[in-house]
Amino acid sequence: MQDLKNDLTEVTRSHENKWVALSKETDRVILSENTLAALLKKLDRKDYDKVILFKVPDFEYCYAPPINQV
Amino acid sequence: MPLQSIKFKYRRFFSGPTQAFPNRHSILVSLIPVNIMNRDNPELRSPVFGALIDSGADCSIFPAELGEIIGLTIQNDRLQPFAGIGGHPFDAYLHDIILDVGGWRFATHACFALEGIKAPVLGQSGFFNLFEVKMDYSKEVIELKPRVQPLR
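Note that the structure is a prediction, hence the values are computed from the model and not measured. (Residues numbered from 1 in each chain as written. Chains lettered and ligands numbered in written order. Predicted model: local features only at pLDDT ≥ 70, side-chain atom pairs only at ≥ 80, totals over all residues.)

## Topic: the overall build of chain B
Condition: Numbering goes from the N terminus for both helices and strands, where a helix is a DSSP run of H or I of at least four residues and a strand is a run of E of at least two. For this measure, only C-alpha atoms enter the radius of gyration; the expected value for a globule follows 2.2 Å times N^0.38, where N is the number of residues. It is the C-beta atoms, placed from the backbone, that decide contacts: two residues are in contact if theirs lie within 7 Å.
Each helix and strand counted, chain B has one helix and twelve strands in total. Relative to the 2.2 N^0.38 estimate, which gives 15 Å for 152 residues, the radius of gyration of chain B is 16 Å and therefore close to what a compact globule would have. Considered along the principal axes of its C-alpha atoms, chain B spans approximately 50 × 45 × 25 Å. The long-range share in chain B, meaning contacts at least 24 apart out of those at least 6 apart in sequence, stands at 55%.

## Examining the overall build of chain A
Our working rule: Working definition of burial: number of other C-beta atoms within 10 Å of the residue's own, with buried at 20 or more, exposed at 12 or fewer, and partly exposed in between, all C-beta atoms being placed from the backbone.
Tallying secondary structure elements over chain A gives one helix and four strands in all. Counting from the amino terminus, chain A carries its helices and strands in the arrangement β-β-α-β-β. For chain A, buried positions account for 30% of its 70 residues. Across chain A, every contact between residues at least 6 apart in sequence was considered, and the portion connecting residues at least 24 apart equals 38%.

## Focus: the sheet that holds strand E11 (residues 131-136) of chain B
Residues and elements named next belong to chain B. Note the cut-off: A pair of strands is considered paired only if DSSP assigns at least 2 bridges between the two. Where helices are involved, their axes are fitted lines through C-alpha atoms of the stretch in contact, as for all axes, and angles between N-to-C directions lie from 0 to 180°.
Reading across from one edge, E1-E12-E11 is the order of the three strands in this open sheet, with antiparallel pairing throughout. Each end of this open sheet is capped by a strand with a single partner; those strands are strand E1 (6-9) and E11. Taken pair by pair, the neighbouring strands of this sheet meet at an average axis angle of 20 degrees, ignoring direction.

## Observations concerning the confidence of the model for chain B
Formally: Known as pLDDT, the predictor's confidence for each residue is given on a scale from 0 to 100.
Mean pLDDT over chain B stands at 93; residues scoring 70 or higher make up 95%. With a pTM of 0.93, the predicted complex shows an ipTM of 0.92.

## Some details on the interface of chain B and chain A
Selection criterion: Basically, the charged four are Asp, Glu, Lys and Arg, the nonpolar ten are Ala, Val, Leu, Ile, Met, Phe, Trp, Tyr, Cys and Pro, and anything else, Gly included, counts as polar.
With 41 residues of chain B at the contact, the number on the chain A side is 31 residues. For the side of chain B that touches chain A, the class distribution of residues is 23 nonpolar, nine polar and nine charged. Inspection of the sheet shows strand E3 (residues 51-55) of chain A paired to strand E5 (residues 48-53) of chain B by two bridges, in the parallel sense. Directly across from Leu53 of chain A, in E5 of chain B, lies its bridge partner Phe49 of chain B.

## Some remarks on the nonpolar core
Note the cut-off: Nonpolar cores are identified as sets of buried Ala, Val, Leu, Ile, Met, Phe, Trp, Tyr and Cys residues joined via C-beta atoms within 7 Å.
Formed by 60 residues in total, the largest nonpolar core has its most connected members in Ile61 and Phe112 of chain B. Ranked by residue count, the leading element in this core is strand E8 (residues 89-101) of chain B, at six residues.

## Considerations on the environment of Ile69 of chain B
Positionally, Ile69 of chain B belongs in the loop between helix H1 (64-68) and strand E7 (79-83). Residue Ile69 of chain B is classed as buried on the basis of its 20 C-beta neighbours within 10 Å. Taking C-alpha positions, Ile69 of chain B is 14 Å from Asp96 of chain B, a pair spaced 27 residues apart along the chain. Those residues in contact with Ile69 of chain B that lie beyond four places of it in its chain are Leu40 of chain A together with Ser46 of chain B.

## Comments concerning the environment of Ser15 of chain B
Mapping Ser15 of chain B onto the fold places it in the loop between strand E2 (11-14) and strand E3 (26-29). A tally of 21 C-beta atoms within 10 Å means that Ser15 of chain B is categorised as buried. C-alpha separation for the pair Ser15 of chain B and Asp100 of chain B, spaced 85 residues apart in sequence, amounts to 29 Å. In this view, Ser15 of chain B contacts Phe59 of chain A together with Arg24, His25, Ser26 and Ile27 of chain B; residues no more than four positions away in its chain are not counted.

## Things to note about the environment of Leu31 of chain A
Residues and elements named next belong to chain A. Structurally, Leu31 can be placed in strand E2 (residues 29-33). Taking C-alpha positions, Leu31 is 5.0 Å from Ala21, a pair spaced ten residues apart along the chain. Non-local contacts of Leu31, meaning those with residues more than four positions away in its chain, are made with Val20, Ala21, Leu39, Lys42 and Leu43.

Shown next as structure tokens:
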């Protein structure tokens, strides 16, 4: 089983709708930005192996499939 | 030798109660960690990022920024228009990439959108064609079994 630590509720609780760079262990937020572009700008390439990026969802809205082709 | 399967856990995020779900305190999301590489130069790769497995998406689609950091010039001659469920159209561009899932690398493709999507999505073409996908919401487990031989 990959990445057994699946509960991100507490670590991302104060980052609603943000892009975050979590530690590989997903136990702490290293960077948090409003956009992916801003996050990548601050993230050094040498640190790519140390993080995992997530888009934290909106805490109220439900997700629906967004992209059916025209 | 048949390829083994790989299992991931759903990711759990905080979610506040709503009128529809007054007792909800969290949600499970079918996010798995992946990264992508430039097909011509695999040393150009992205950080690992959470991508949503979405069988309702016709193809994999990622934010343009992820393509740019692996050296892609997003706007090419492989334009694919999309429309959201709310009817808001946007354009994306198809590119050949390498997709790394749990250490397995696959030559595949994905669309990259300059706008219109909030998070990376793994869809039918580009992902579901690579794997037999079993999603067990109750057990909070996603199991992937490759249909094709990985690059390594």
